[in-house]
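In case you want the letters, here they are:
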Amino acid sequence: MTASIVCGMTDTLPPGQREIRDFPRFGLTPFAKRFPRELHRVSLRLECAGVEPFAPEAELAALPRFEITRDFHCVTTWTRRGLTWSGWRFRDFHERLVAPRLSGTTALVVLRGQDGAHSSLPLEDLLAEDVLLADRLDGAPLTIEHGAPLRLVAPAHYGYKSVKHLHRIEYRAEAESYRPVGLRFMAHPRARVALEERGQWIPGWVLRRLYRPLIAPTVKRFRREMERYRAADSRGGT
Ligand SMILES: Nc1nc2c(c(=O)[nH]1)N[C@H]1C(S)=C(S)[C@@H](COP(=O)(O)O)O[C@H]1N2
Ligand SMILES: [Mo]
């Protein structure tokens, strides 16, 4: 299944995307040298207005598991095809664990990683059937590179929405209260790949050209910091 998707050259990619063969550790450069503290145990805190913050790990683990195979699209234009993720549907998490406790409306859900990275999506987008809280990739537990111990996977949206090392989820009543990472133009509230919503105000086809030259140096930077981290780790600390 995975192999046939990777080899399926007749499948067209979304606008402005190009296939790459490997799957690099990637992100905004400030996060290249930040690593999660908790790698093996899912630790999640849920915050909603009017609800006592709670840790839903045990309840999450009891939800039905789900698997998807999807292409992964970074806003800088690389696409890695046919990744198989498994975990729990955000929709099940929401409907079974959050909705019964929730009062009032939700304008926005903020997702935060242990490295300080964060993103937001409208709740409706997170309820799509292929949005997962994933703890496995291609049949193995998530590696540090790809978001251990838990990450969001929202394949219809650019990669910056799929927060790695997820440890906090906030339901917010007002969208204005959220300040995205990076520069304002870089963060589209929805970032749908099919509509090329790469950022705000600047058209997607312009951002393609700005971003594409950043891929190679970013991949290198993230790889170098990963090697440093592993070297320090094998010496027993930093
Ligand atoms: N916590 C965290 N999540 C993150 C990032 C990050 O730097 N830190 N980078 C984002 C970006 S821009 C992309 S393209 C994907 C890359 O996922 P990967 O590193 O598994 O390839 O993760 C996204 N989620
Ligand atoms: Mo990205």
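Within each chain, residue numbers correspond to sequence positions counted from 1 in written order. Following the order in which they are written, the chains are lettered starting with A and the ligands numbered starting with 1. For this predicted model, a pLDDT threshold of at least 70 governs which residues receive local features, and a threshold of 80 or more governs which side-chain atom pairs are given and counted, while totals over whole chains, interfaces and linings are taken from all residues. Excluded from the side-chain calculation are hydrogens and water; included are all heavy atoms of the structure.

1. Comments concerning the site of ligand 1
In these notes, residues near a molecule or strand are those with any non-hydrogen atom within 4 Å of it. Near ligand 1 you find 20 residues, and of these Pro24, Asp115, His146, Arg151 and Lys164 are the closest. The contact in question runs from an oxygen atom of ligand 1 to an N or O atom on the side chain of Lys164, over 2.5 Å. Method for areas: the Shrake-Rupley scheme with a 1.4 Å probe, in which residue coverage is limited to the protein chains shown. For ligand 1, the accessible surface in isolation is 530 Å², of which the surrounding protein chains cover 95%. Residue composition of the shell around ligand 1, grouped by class: 10 nonpolar, 5 polar and 5 charged. Within 3.5 Å is the distance limit for a polar contact, defined as a pair of N or O atoms, with the added protein rule that one can donate a hydrogen and the other accept it, and that residues adjacent in sequence qualify only through two side-chain atoms. In this classification, the charged set is Asp, Glu, Lys and Arg, the nonpolar set is Ala, Val, Leu, Ile, Met, Phe, Trp, Tyr, Cys and Pro, and all remaining amino acids, among them Gly, are polar.

2. Things to note about the side chain of Thr76
Secondary structure is summarised from DSSP: a helix means a run of H or I of at least four residues, a strand means a run of E of at least two, and numbering begins at the N terminus for each. Along the chain, the position of Thr76 falls in the loop between strand E4 (66-73) and strand E5 (78-89). Accessible area is worked out with a 1.4 Å probe on protein chains only. A residue is then buried under 20% of its type maximum, exposed over 50%, and partly exposed in between. Classification of Thr76 as buried rests on a relative accessible area of 7%. Pairs of residues are marked as contacts when any of their non-hydrogen atoms sit within 4.5 Å. Excluding its chain neighbours within four sequence positions, the residues that come into contact with Thr76 are Phe26, Tyr211, Arg212 and Ile215.

3. Focus: a positive patch on the surface
Residues enter patches when their relative accessible area tops 30% and they take part in no salt bridge; the joining distance is 9 Å for like charges and 5 Å for the nonpolar side chains Val, Leu, Ile, Met, Phe, Trp and Tyr. Salt bridges are counted wherever a side-chain nitrogen of Lys or Arg sits within 4 Å of a carboxyl oxygen of Asp or Glu. Asp and Glu count as negative and Lys and Arg as positive, but His and the ends of the chain are not part of the count. In plain terms, the charge of a residue is placed at NZ if it is Lys, CZ if Arg, CG if Asp and CD if Glu. Residues Lys33, Lys220, Arg223 and Arg224 make up a contiguous surface patch of positive charge. Take Arg223: it is sitting in helix H6 (residues 215-234).

4. What to know about helix H5 (residues 204-211)
If you check which residues of H5 are buried, you get Gly204, Leu207 and Tyr211. One face of H5 carries all of its buried residues, which in axial projection span an arc of 55°. If you follow the buried residues of H5, they end up packed against H6. This arc is taken over the directions from the axis of the helix to the C-beta atoms.

5. Points about the packing of aromatic side chains
By convention, a stacked pair of Phe, Tyr or Trp rings (six-membered ring in the case of Trp) has centres within 6.5 Å and planes under 30 degrees apart, an edge-to-face pair has planes over 60 apart, and any other such pair is tilted. One pass over the structure, following the stated rule, counts 9 aromatic pairs. Ring geometry for Phe35 against Tyr229: centres 4.1 Å apart, planes inclined by 20°, an arrangement best described as stacked. Taken together, the positions of Phe35 in the loop between strand E1 (18-19) and strand E2 (45-48) and Tyr229 in helix H6 put the pair 194 residues apart, joining distant regions of the chain. By way of ring pairs, the aromatic residues Phe23, Phe26, Phe72, Trp78, Trp85 and Phe222 are connected into one cluster. In this structure, Arg65 packs its charged tip against the face of Trp88, placed 4.8 Å from the ring centre. Geometrically, a charge over a ring is one whose NZ (Lys) or CZ (Arg) sits within 6 Å of the ring centre while staying within 35 degrees of the ring normal. One Lys or Arg, Arg89, reaches over the ring of Phe66 and ends 3.7 Å from the middle of that ring.

6. Notes on the environment of Asp125
As for its placement among the helices and strands, Asp125 is situated in helix H4 (residues 123-126). Residues Asp125 and Ala232, 107 residues apart in the sequence, show an inter-C-alpha distance of 39 Å. Residues contacting Asp125, with those up to four places away along its chain left out, are Val131, His157 and Arg190.

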